[in-house]
Amino acid sequence: MLRWFTTLMLFASFLGLGLSVAIVGPTLQDLATNVNRNISSLSFIFVGRAFGYLSGSVIGGLLVYVMNYFLLLGISMLATTVGLYLVPFCKTAVLLTVMMCVFGTSIGVLDTGGNVLILALWGDKGAPHMQALHFCFALGAFLAPLLAKLALGPTASAENCTESDFHHPALNRSSEADSEALFGVPNDTNLLWAYAIIGTYMFLVSVILFGLFFKNSSKQEKTTASAQTSRRAKYHNALLCLLFLFFFFYVGAEVTYGSYVFSFATTHAGMKENEAAGLNSIFWGTFAVCRGLAIFFATCLQPGTMIVLSNIGSLTSSLFLVLFDKNPFCLWIATAVYGASMATTFPSGISWIEQYTTIHGKSAAFFVIGAALGEMAIPAVIGILQGKYPDLPVVLYTSLGASIATGVLFPVLYKLATSPLDHQRKENRKSEDQKALLSRSGLNEYEEENEEEEAEKWNEMDFEMIETDDTMRHSIIETSGSSSTEPTAEI
């Protein structure tokens, strides 16, 4: 029951993680207005958050060895809560960037620790739980825009936003704005409520995790230690390096397409803004739905099979996107297939590698860093290239190139992972043959022992017959001796 309850708490944590990460996008204009900046000059807050995420992944990978899982996740969620509460009160861009860096560090620790803990709890049987964990993240990312804009309503800053706000390097700031304090109450109450609701949710989950630490820390350690069996592949380090590259290309392509598909559809494909928004929504919608369905698929399909199907789907759909880049019908269908294909790759990759080599904190942090680098580097490079070559669909070329890279890397990963297993199977076969030979020799010995026992029984019967014959002879002699002494008429 402790293992199941811990798993549910991890699901709740990753739901909050998805809410925390995705809430920045729909409230970006509100944050820019709050610090008296435009969106283009405020985009470096994503760089700060990505840098913090990298640092948090490294820190989380090291701390899982020296800290209790519940304590580590509880502290990271509490730090995330503090960051969510303070972000709406930041009145300068520098302070907001620093806060985003701290915020990224806490979610990096939470991401790494959650993946390691779900593997420690379930081991080889953790594929459905891993899919469910990342589905909760996708569900939180899907609910964040609804919470920010639909439930709380549009803000005044969003309604008054013009195109010039995105291109001018800075807004006209008065001397009073320059002399403002670092912290202050935001003018928009909806911005405050959006971050406060998510922060309160994260705080409640962190309280439960701290309660589990104080009451069941020893049981948790015993559970995780008994649930996970240690194994190490022959090419362990090579597998981690290739998986680093695999997640680098995969996550980079996923974030790049999700971030730039709207601008691509409006500038290159000639779609209207509402149609481009629908194209962006169908990508993330099919992404979230397929992550939910993958929970059930993982019970009947191996993680390697799901990765192969995802690679085939992403390669096919990205090829159609490149070939028919201005056909609206093909763009809709291929985008839906591409989002569905990208959904299961990351959790399936973690579950797949766990079948061949044990993933500890440092190993998990290593490929999470690869994913974070892809999320930070590839969209930045594509943004620069798209500005230099506006007539080319650079975003679609990136998706196709990443699909080819992951399609080539996975067979190499599979070959390295299974080659030591074949050697072990040969040794197992040899040991089975030896056992069979020993069992046969044991049968022969058993038959010989039976023959000896039967011979001994026959010998004993012979001795008994000899003894009975001797007794009969002695009795006859005695009777004959006694009868000869008695005078009878017949004699």
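The shown structure was predicted, so the numbers you read here are calculated from the model rather than taken from an experiment.

## Re the nonpolar core
Residues Leu31, Leu42 and Phe247 are the most contacted members of the largest nonpolar core, which totals 115 residues. Take this core: its biggest share by element is 16 residues, from helix α6 (residues 93-122). Counting the residues that make up this core, at least three belong to each of domain 1 (1-154 + 184-215) and domain 2 (235-434). What Leu42 contacts, discounting residues up to four positions off in sequence, is Leu28, Leu31, Ala32, Val35, Ala93 and Leu96.

## What about the confidence of the model for the protein?
Averaged over all residues, the pLDDT of the protein is 75; the fraction at 70 or higher stands at 73%. For the protein, the element scoring lowest by mean pLDDT is helix α10 (residues 175-178), at 41; helix α14 (residues 303-323) scores highest, at 92. This stretch, residues 155-179, has a pLDDT under 50; its non-local contacts, to residues over four places away or in other chains, come to 35 contacts. When the criterion is pLDDT under 50, residues 471-491 qualifies, and its contacts beyond four places in sequence or with other chains add up to two contacts.

## So, the packing of helix α13 (residues 273-297) against helix α15 (residues 328-343)
One can describe the packing of α13 onto α15 by two numbers: an axis separation of 7 Å at closest approach and a directional angle of 30°. Crossing hand, α13 versus α15: right-handed. Contact residues: Glu275, Gly278, Leu279, Ile282, Phe283, Thr286, Phe287, Cys290 and Arg291 in α13; Leu331, Trp332, Thr335, Ala336, Tyr338, Gly339, Ala340, Met342 and Ala343 in α15. The residue makeup of the contact of α13 with α15, split by class, is 12 nonpolar, four polar and two charged.

## A short note on the environment of Asn187
Summarising the element assignment, Asn187 is placed in the loop between α10 and α11 (189-227). On a C-alpha basis, the gap between Asn187 and Asn34 in space is 7.4 Å, while along the polypeptide they are 153 residues apart. Beyond its immediate sequence surroundings of up to four residues, Asn187 is in contact with Asn34 and Lys91.

## Some thoughts on the packing of helix α5 (residues 69-86) against α6
Their axes nearest at 9 Å, the elements α5 and α6 cross at an angle of 150°. One element, α5, and the other, α6, form an angle in the roughly antiparallel class. Judged by the sense of rotation from one axis to the other, the crossing of α5 with α6 is left-handed. Contacts between α5 and α6 pair Tyr69, Leu72, Leu73, Ser76, Met77, Ala79, Thr80, Gly83, Leu84 and Leu86 from the former with Met99, Phe103, Ser106, Ile107, Val109, Leu110, Gly113, Gly114, Val116, Leu117 and Ala120 from the latter.

## Comments concerning the side chain of Thr6
Mapped onto the secondary structure, Thr6 falls in helix α1 (residues 2-22). A residue is classified by how much of its surface remains accessible, and Thr6, at 2% relative accessible area, is buried. Excluding its chain neighbours within four sequence positions, the residues that come into contact with Thr6 are Phe70, Leu117 and Leu121.

## Things to note about a nonpolar patch on the surface
Taken together, the side chains of Leu78, Val82, Tyr85, Phe203, Leu204 and Val207 present a nonpolar region at the surface, about 490 Å² in accessible area. Put simply, the parts of the chain that give the nonpolar patch at least two residues each are α5 and α11. As for its placement among the helices and strands, Leu204 is situated in helix α11.

## Thoughts on the packing of aromatic side chains
This model, assessed by the stated rule, comprises 14 aromatic pairs. Judged by centre distance (5.8 Å) and plane angle (70°), the rings of Phe246 and Phe247 are edge-to-face. Ring-pair connections join several aromatic residues into one group, and the members of that group are Tyr257, Phe283, Trp284, Phe287 and Tyr338.

## Some thoughts on the UniProt feature "signal peptide" (unreviewed entry) in the protein
UniProt's entry tags residues 1-20 with the feature "signal peptide" (unreviewed entry), counted in the numbering of this structure. Overall, residues 1-20 shows 95% helix and 0% strand. The separation of its end C-alpha atoms is 29 Å.

## Let's talk about helix α4 (residues 44-63)
Residues three or four positions apart in an α-helix share a direction because the helix packs 3.6 residues into each turn. Along its 20 residues, α4 runs 28 Å from first to last C-alpha, staying within 8% of the 28 Å computed at 1.5 Å per residue. Residues Ile45, Gly48, Arg49, Ala50, Gly52, Tyr53, Leu54, Gly56, Ser57, Gly60 and Gly61 constitute the buried set of α4.

How each quantity is defined
Residues numbered from 1 in each chain as written. Predicted model: local features only at pLDDT ≥ 70, side-chain atom pairs only at ≥ 80, totals over all residues. Heavy atoms only, no water. Core = buried A, V, L, I, M, F, W, Y, C linked by side-chain atoms within 4.5 Å. Buried < 20%, exposed > 50% of the residue type's maximum accessible area, 1.4 Å probe, protein only. Helix = DSSP H or I, 4+ residues; strand = E, 2+ residues; numbered from the N terminus. Domains from an automatic or database assignment. Contact = heavy atoms within 4.5 Å. pLDDT = per-residue confidence, 0-100. Axes fitted to C-alpha atoms, helices over the stretch in contact; angles between N-to-C directions. Left-handed = near helix turned anticlockwise from the far one by under 90°. Nonpolar A, V, L, I, M, F, W, Y, C, P; charged D, E, K, R; others polar. Parallel < 35°, antiparallel > 145°, perpendicular 65-115°, else oblique. Patch = residues over 30% accessible without salt bridge, like charges linked within 9 Å, V, L, I, M, F, W, Y side chains within 5 Å. Areas by Shrake-Rupley, 256 points an atom, 1.4 Å probe, with all protein chains shown as cover. Salt bridge = Lys/Arg side-chain N within 4 Å of Asp/Glu carboxyl O. Phe/Tyr/Trp six-rings, centres within 6.5 Å; stacked < 30°, edge-to-face > 60°. UniProt positions renumbered as here; feature names shortened; annotations may be inferred. Expected span 1.5 Å × (residues − 1).

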